[in-house]
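Single-letter residue listing:
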Amino acid sequence: MGHWTSEQLAWLIRRHGIEMTHLSGGSHIGAILSVADIMAVLYADVLNYKADEPKWAGRDRFILSKGHAGASVYAALAEEGFFPVEELKTHYQNGSRLSGHVSHHLPGVDFSTGSLGHGLSAACGMAYAAKKDHDDSHRVFVVLGDGECNEGSVWEAALFANHFRLNNLIAIVDHNRMQSLDFSENTLELEDFATKWKAFGWNVIEIDGNNHAELKSAFKKAEEYRNTEPHKPTVIIADTVKGCGVSFMQNDILWHYRFPHNGWEYDGAVNELHNARPAGVEDPYTPNGIQNPVKPQSTDDIGHDHTFTSTWNTSYPETMRRVTAKSGTKEPVHCVVEEN
Amino acid sequence: MRDTFVKTLVELAKIDKNIELVTGDLGFGVLKPFWEQCPNQFTNAGIAEQNMTSVAAGMALEGKTVFTYSIGNFPTLRCLEQIRNDCAYHKANVKVVCIGGGFVYGSLGMSHQATEDLAILRALPDVVVMAPADLVEAEECTKALAKYKGTAYLRLGRGGEKRIHDKIGNFEIGKAIKVHDGEKIAVFSTGAIFEEVTAAYEELKKQGYNPAVYTFPTVKPIDKEIIEKVSQEFDLVVSVEEHNVVGGFGSAVAEVMAEMKNKKAKLLRIGLNDEYSIRVGNQKYLRQQYGMDSNSIVEKILKEPTNV
């Protein structure tokens, strides 16, 4: 159990995420922000670990399979004492231990990821080994992306986990409905996503993945399932908003790769977070927020729907369109387009 | 060879309960002794090699010694990235076992012929690559790999291979085995093509030549010391492999020789000449068609001007 409350930790992950991508020019802030609440609840309330003994045999195993959101796990580990918080600033830098994608050459990381579709299988192996040894001392958690579920190996692992009755395995899908180029549903239709997992033999819990109360009760329910439905693994489908926490990054595909540049992008993100800071947390980089922040001008590219407008979407084949949405909003994005 | 592997692994697994065998739904009639005698250490992961390999990595990171088992290119090329990222990078204790290295599954066609596996696996850091020549080497390789902590690739033939070595003293990963002393010509081989090399040796002896013969059960790490020594003493070094000449065993030998300051020997690489097999036939037939049967080996050696 962690040093911070989940709300505090989630805020810190977001603040570190903005700083780390800003300093490094690193990608994937959208994913870091969408998964921040899942990571925070895991490290604050769910996972058993000892920061001073990262290889403690009784620890819950954890794999961040969507390794491109590596900054989120680095921030959680640093804030919970696995390594100095100062080191976060070295993310992507020459000589750093903090590669853009998750590296096990850091204390507290059980498994390196970065190529999608590996984590669930490795987690299966860990859970299966524990089952074979009749070792009930720990569980195995893995966080996947929904785009990652394009990978066939995810479904190989889903079959395996059910077949071998891995009820010590809990998968969480960060279901932010976006991937590299577009909405997931416009890329390879995933819905009905929950039904797919059910059909593969899993317990399915569907929640708002940016809501801590729902996350906590989902993990409780997953624990109950271990006893009441011991023959099944459990997946929590956590509906999240990509870019959650910074209004102009929300639901905008631009922020899958873009980092917050100097000027209104960085200043705006920092000040929005600053104003939403929970009690008991200091901003480690800008303790008083940014005075006189640069504001976006009318010519700046903000609030535009990069997923669908001409700035981004000049030649995307219309036949693949399945959903419409608005960027910069937390509103539901899934308005299924009527097919002719 | 696969039966020798299974028999050896059963003996090891009975003693070491940490040994696990995971198959990708292959081994009908072959793996039965293992699952009958070590049922709790056996898993069929289904026809899903990517998952099988990452599962093996996960199990290994929890302390198991995991052998994954399949045929041809399925346990290697099909899940190469899982071997690279999940096994090798984590130094996971996973031994990837392939039945059917080279033209073993000849008539089944190109999909089942493993003729680039040594090159590709050899290019991965922290992966030991082994290809035993006969049943004796197969047993020794299996024993050595069960003890070795880390990721490895074991390329086996199938059935019908013989015991060619009498016995091997001091078997070690990374060490070549001297089969015959000789002069002027030295033949190096890896894997089950050793039977063709043995026949070629007999023929060359009949014709009055006296070639030395070495087998290399380990392709990586390659036995640099032996290659350097032989390259200084002999006129011709011949590498023979049932594999593409690009990147495999012959290339490993060439890499060592190319960096030598004073060498006497020229190198002749015998193997598949950078092509896929489009012909249909059994292993023996395909070896003839692609120039690596005993007659072709003799012919190619005698064409070398350094020896005539």
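Residues numbered from 1 in each chain as written. Chains lettered and ligands numbered in written order. Predicted model: local features only at pLDDT ≥ 70, side-chain atom pairs only at ≥ 80, totals over all residues.

Moving on, we come to the sheet that holds strand E8 (residues 185-189) of chain B. Residue and element names in this part refer to chain B. The five strands lie next to each other as E7-E9-E8-E11-E12, forming an open sheet whose pairing is mixed. Of all strands in the sheet, those with a lone pairing partner are strand E7 (177-180) and strand E12 (266-272), marking the two edges. Put simply, the sheet's adjacent strands are angled 25° from each other on average, direction ignored. Bridge count for E8 against strand E11 (residues 236-244) is five bridges, and the pairing is parallel. Residue pairing in the sheet places valine 187 in a bridge with valine 238 of E11. (Pairing = 2+ DSSP bridges. Helix = DSSP H or I, 4+ residues; strand = E, 2+ residues; numbered from the N terminus. Axes fitted to C-alpha atoms, helices over the stretch in contact; angles between N-to-C directions.)

Bringing the environment of serine 296 of chain B into the picture now. All names here are of chain B. When you line up the elements, serine 296 lands in helix H11 (residues 294-303). Taking C-alpha positions, serine 296 is 16 Å from isoleucine 185, a pair spaced 111 residues apart along the chain. Those residues in contact with serine 296, other than ones at most four positions away along the chain, are Gln288 and Gly291. (Contact = placed C-beta atoms within 7 Å.)

This part is about the pairing of strand E3 (residues 169-175) of chain A. Residue and element names in this part refer to chain A. Counting buried positions along E3 yields seven of seven residues, so the element is predominantly enclosed. Burial along E3 is two-sided: Leu169, Ala171, Val173 and His175 and Ile170, Ile172 and Asp174, pointing in opposite directions, are all buried. Across six bridges, strand E2 (residues 140-145) lies against E3 in parallel orientation. Bridge assignment links valine 142 to a residue of E3, and that residue is alanine 171. Chirality of the crossover, the property in question, places the unit of E2, helix H5 (residues 152-163) and E3 among those that are right-handed. As defined by bridge partners, E3 adjoins strand E5 (residues 234-239) across six bridges and the pair is classed as parallel. The residue bridging histidine 175 from the neighbouring strand is aspartate 239, located in E5. (Buried ≥ 20, exposed ≤ 12 C-beta atoms within 10 Å, placed from the backbone. Right-handed = clockwise from strand over helix to strand, strands pointing away.)

This brings us to the sheet that holds E2 of chain A. All names here are of chain A. If you trace the five strands from one edge of the open sheet to the other, you get E1-E2-E3-E5-E4, paired in parallel fashion. Taken across any chain shown, the strands that pair with only one partner, and hence form the sheet edges, are strand E1 (61-64) and strand E4 (203-208). Ignoring which end each strand starts from, the neighbouring axes of this sheet average 15° apart. Packing against the sheet, helix H8 (residues 212-228) makes contact with E3, E4 and E5, and its axis sits at approximately 170° to E4.

Between H5 of chain A and helix H3 (residues 49-61) of chain B, whose axes approach to 8 Å, the crossing angle comes to 65°. As far as their axial angle goes, H3 of chain B and H5 of chain A are roughly perpendicular. Crossing geometry of H5 of chain A relative to H3 of chain B is assigned as right-handed. On H3 of chain B, the residues that touch Ser153, Glu156, Ala157 and Phe160 of chain A of H5 of chain A are Gln50, Asn51 and Val55 of chain B. (Parallel < 35°, antiparallel > 145°, perpendicular 65-115°, else oblique. Left-handed = near helix turned anticlockwise from the far one by under 90°.)

On to the environment of valine 240 of chain B, then. Residue and element names in this part refer to chain B. Its location among the elements puts valine 240 in strand E11. For valine 240, a count of 29 C-beta atoms within 10 Å gives the class buried. Between the C-alpha atom of valine 240 and that of threonine 190, which follows or precedes it by 50 residues, the distance is 6.9 Å. Those residues in contact with valine 240 that sit more than four places away from it in its chain are Val187, Ser189, Ile193, Val197, Ile270, Gly271, Met292 and Ile297.

Within the largest apolar cluster, 190 residues are counted, with the highest numbers of intra-cluster contacts made by Met39, Ala40, Ala123 and Cys124 of chain A together with Ala56, Met130 and Val238 of chain B. The biggest single contributor to this core is helix H2 (residues 29-46) of chain A, with 14 residues. Residue-level mapping places this core at the junction of two domains, with at least three residues from each of domain 1 (2-156) and domain 2 (177-307) of chain B. When neighbours within four sequence positions are excluded, methionine 39 of chain A is seen to be in contact with Ile13, Ser72, Val73 and Ala76 of chain A. (Core = buried A, V, L, I, M, F, W, Y, C linked by C-beta atoms within 7 Å. Domains from an automatic or database assignment.)

Once that is clear, we can look at the domain arrangement of chain B. Reports of interface size often rely on the accessible area that becomes lost once the parts have come together. Residue and element names in this part refer to chain B. What the domain assignment lists for chain B is domain 1 (2-156) and domain 2 (177-307). For domain 1 and domain 2, the distance between their C-alpha centroids amounts to 26 Å. If you look at the interface, domain 1 gives 24 residues, while domain 2 gives 31 residues. Sorting the residues of the side of domain 1 that touches domain 2 by element identifies helix H5 (117-122), strand E5 (127-130) and helix H6 (135-147) as the ones contributing at least two each.

So, about H5 of chain A. Along an α-helix, residues three or four positions apart point the same way, because every turn accommodates 3.6 residues. When the terminal C-alpha atoms of H5 of chain A are compared, their 17 Å separation across twelve residues agrees well with the 16 Å that a helix rising 1.5 Å per residue should span. Within the span of H5 of chain A, buried status applies to Ser153, Val154, Glu156, Ala157, Ala158, Phe160 and Ala161 of chain A. Check the buried side of H5 of chain A and you find it contacts helix H4 (119-132), E2, E3 and helix H7 (193-199) of chain A together with H3 of chain B. (Expected span 1.5 Å × (residues − 1).)

Next up on the list: the interface of chain A and chain B. Contact with chain A, which involves 18 residues of that partner, is made by 20 residues of chain B. Of all elements in the fold, only H4 and H5 of chain A reach the threshold of two or more residues within the side of chain A that touches chain B. Among the elements that make up the side of chain A that touches chain B, the one with the highest residue count is H4 of chain A (nine residues). The residue makeup of the side of chain A that touches chain B, split by class, is ten nonpolar, seven polar and one charged. (Nonpolar A, V, L, I, M, F, W, Y, C, P; charged D, E, K, R; others polar.)

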